[in-house]
Amino acid sequence: MAQRYYTVSWDQLHRDSKALAWRLVEKGPWRGIVAITRGGLIPAAIIARELDCRMIESVSVITYDEEKLGKPEVAKPPTAAGDGEGWLVLDDLVDTGSTAKVVRAMLPKAHMATVYAKPAGKPLVDTFVMEVSQDTWILFPWDTEQQFVPPIARSAQPK
Ligand SMILES: O=P(O)(O)OC[C@H]1O[C@H](OP(=O)(O)OP(=O)(O)O)[C@H](O)[C@@H]1O
Ligand code: HPA
Ligand SMILES: [Mg+2]
């Protein structure tokens, strides 16, 4: 289990994805976007809108079962992006870098970008917006829901 959690709301994800789009627009033009599903699909939709890009390809890599890291499995390779030249690869985050490594091997000339990055995976991406510590688990809005929490006074440890 992670040491701490960092909750990202839909609003924040939209804002951070737009911040990534501002960085990427300067580095284009792009032939198209390759979204790493599933987590990369939502930032990819937001960024595709901002970059006015309608050529969207996907690659599916399964690396985690909830918070448990496994061996990356390519469930669907990209078919339209060649060696990646001129293509932008997008994911929600890079953590250990295992997913990014597998995708880089398939699309060696692509530009890889994520919204969030942890220190171990940071060297594997070309552009990102926000760094969080390695022991932080990012809680994305599609993985969470709002719920009641008891008042602090009831859950605090007695002195
Ligand atoms: O840098 P890494 O340690 O490889 O971790 C990052 C990857 O893990 C998550 O995907 P996940 O395997 O959970 O699949 P999903 O996107 O379909 O939920 C996340 O969306 C990234 O793709
Ligand atoms: O911090 C994370 N949050 C959500 N999914 C993830 N997959 C790898 N690391 C993370
Ligand atoms: Mg993913």
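Residues numbered from 1 in each chain as written. Chains lettered and ligands numbered in written order. Predicted model: local features only at pLDDT ≥ 70, side-chain atom pairs only at ≥ 80, totals over all residues. Heavy atoms only, no water.

Around ligand 2, the neighbouring residues are Tyr64, Leu93, Asp95, Lys118, Trp137, Ile138 and Phe140. One nitrogen or oxygen atom from the side chain of aspartate 95 is found 2.7 Å from a nitrogen atom belonging to ligand 2. With respect to ligand 2, the backbone of isoleucine 138 contributes an N or O atom lying 2.7 Å from a nitrogen atom. Contact with the protein chains removes 89% of the 260 Å² of surface that ligand 2 exposes when unbound. Of the pockets mapped on this structure, ligand 2 occupies the largest pocket. In terms of residue class, the shell around ligand 2 is made up of 5 nonpolar, no polar and 2 charged. (Near = heavy atom within 4 Å. Polar contact = N/O pair within 3.5 Å; in protein donor to acceptor, adjacent residues only side chain to side chain. Areas by Shrake-Rupley, 256 points an atom, 1.4 Å probe, with all protein chains shown as cover. 1 Å grid on protein atoms, 1.4 Å probe; cavity = no way out; pocket = protein on both sides within 12 Å on 5 of 7 lines; lining within 4 Å. Sits in = over half its atoms within 2 Å of the grid points. Nonpolar A, V, L, I, M, F, W, Y, C, P; charged D, E, K, R; others polar.)

Attention now moves to the environment of isoleucine 42. Positionally, isoleucine 42 belongs in helix H2 (residues 41–51). Taking the C-alpha atoms as reference, isoleucine 42 lies 17 Å from alanine 100; in sequence the two are 58 residues apart. Setting aside anything within four residues of it in sequence, one finds isoleucine 42 in contact with Trp10, Leu13 and Trp142. (Helix = DSSP H or I, 4+ residues; strand = E, 2+ residues; numbered from the N terminus. Contact = heavy atoms within 4.5 Å.)

In the numbering used here, UniProt assigns the "binding site: GMP" (unreviewed entry) feature to Asp95, Thr96, Gly97, Ser98, Thr99, Trp137 and Ile138. Of the annotated positions named here, the largest pocket is lined by Asp95, Thr96, Gly97, Ser98, Thr99, Trp137 and Ile138. With respect to the helices, strands and loops of the structure, aspartate 95 is situated in the loop between strand E5 (87–94) and helix H3 (98–106). Judged by relative accessible area, aspartate 95 falls into the buried class, the value being 12%. Once residues lying within four places of it in the same chain are set aside, the contact partners of aspartate 95 are Tyr64, Lys118, Ala120, Gly121, Gln134 and Trp137. Within polar-contact distance, the side chain of aspartate 95 engages the side chain of lysine 118 at 2.9 Å. Along the polypeptide, glycine 97 turns up in the loop between E5 and H3. Beyond its immediate sequence surroundings of up to four residues, glycine 97 is in contact with Gly121 and Leu124. (UniProt positions renumbered as here; feature names shortened; annotations may be inferred. Buried < 20%, exposed > 50% of the residue type's maximum accessible area, 1.4 Å probe, protein only.)

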